[in-house]
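Residue strings, one per chain:
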Amino acid sequence: MTTDRTWGEAAPGGRLVAPEAPPVPHPIMIHHWHHLTFLHWRYPAHVVQTLLPPGLDVETCDGSAWVGVVPFLMTGVRAPFTPPLPWLSRFPETNVRTYVRGPDGRSGIWFFSLDAARLPAVLAARAGFGLPYQWSDMTVRVTPDVGVYRSRRRGPGPAARCDATVRWGAYLDETRLHPLDHFLTARFRLYSVLAGRLVAANAAHKRWALRRGELTYLRQDVVQASGLPAPQGDPLVHTSPGVRVRIGMWHPVLTPAG
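Residues numbered from 1 in each chain as written. Predicted model: local features only at pLDDT ≥ 70, side-chain atom pairs only at ≥ 80, totals over all residues. Heavy atoms only, no water.

**Quick notes on the overall build of the protein chain**
- A tally of regular secondary structure across the protein chain gives 4 helices and 15 strands.
- At 17 Å, the protein chain has a C-alpha radius of gyration in line with the 18 Å of a compact globule built from 258 residues.
- With the C-alpha coordinates aligned to their principal axes, the bounding extent of the protein chain is approximately 45 × 40 × 40 Å.
- Counting every position in the protein chain, which comprises 258 residues, the buried fraction comes to 51%.
- Considering only contacts in the protein chain between residues 6 or more positions apart, those separated by 24 or more positions represent 69%.
- Element-wise, carbon and sulfur atoms account for 58% of the exposed surface of the protein chain, whose accessible area totals about 11,800 Å².
- Across the protein chain, the mean location of the 28 positive side-chain charges is 7 Å away from that of the 18 negative side-chain charges. (Helix = DSSP H or I, 4+ residues; strand = E, 2+ residues; numbered from the N terminus. Rg over C-alpha atoms; globule rule 2.2 N^0.38 Å. Buried < 20%, exposed > 50% of the residue type's maximum accessible area, 1.4 Å probe, protein only. Contact = heavy atoms within 4.5 Å. Areas by Shrake-Rupley, 256 points an atom, 1.4 Å probe, with all protein chains shown as cover. Lys, Arg positive; Asp, Glu negative; His and termini not counted. Charge placed at Lys NZ, Arg CZ, Asp CG, Glu CD.)

Dropping the structure here:
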């Protein structure tokens, strides 16, 4: 299990800034992620570790592991050099995730579940990438002040829902962000298990324009459906208008001596 991390890179004046994304010169997919809300709760590290595959260690920050629920809207989903399909390339998604270190020493995200509203995308991601996508009825509605997310799972996993209403807050000055803000959001590597092997892919995008958010309504059990205890207390809330993302190819994860 990894030790507590101070997340960020030194900048002039001694402040911390979010690390830069790794380059993805030859993406296999291009996405736009819009109207994101990051809801995060503290968890004991040993509780999260029991749900990780061999080779991954939970990362902690500020004395805890963290589990996030992240609803948003995907648009422009396409392979390089192909146009997005009007219906298939636009849909809501909600993921349940935690933060890990791989046997190669690199940090990333482990997804407990990903709900999406397009069955072909769910089937392709499960078969091609080993990601635990679930088919759900979902909507995302936004105004200049509020984001409203609704999700009810169809399958193939256990029934679950995530309904949230979030009031957008003020933009955060990057010079005043804390290491925890970066730890929870500045993540550019995904882990999965494909054909029994641990694999990883990079996701490149610009630094988030982060805002605070006020959670005014939440009814969810997607966290519990992942095998975790129900989260306790109010979550830490961040929001963002979004980013354009380049997803790299999956590759096997090797240890430094591998």
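What follows picks up the thread again.
**Side note on the side chain of Gln220**
- By the secondary structure assignment, Gln220 is in strand 13 (residues 211-220).
- Judged by relative accessible area, Gln220 falls into the buried class, the value being 13%.
- At 2.9 Å, the side chain of Gln220 forms a polar contact with the backbone nitrogen of Val222.
- Of the polar contacts made by the side chain of Gln220, one reaches the side chain of Gln224; its length is 3.0 Å. (Polar contact = N/O pair within 3.5 Å; in protein donor to acceptor, adjacent residues only side chain to side chain.)

**Some thoughts on the nonpolar core**
- Core analysis: the biggest nonpolar cluster contains 35 residues, and Trp33, Leu36, Trp66, Tyr133, Phe183 and Trp208 have the highest contact counts within it.
- Element by element, the count of residues in this core is highest for strand 5 (residues 65-78), at 5 residues.
- Aside from chain neighbours lying at most four places away, what touches Tyr133 is Glu93, Leu114, Ala116, Val122, Ala125, Arg126 and Pro156. (Core = buried A, V, L, I, M, F, W, Y, C linked by side-chain atoms within 4.5 Å.)

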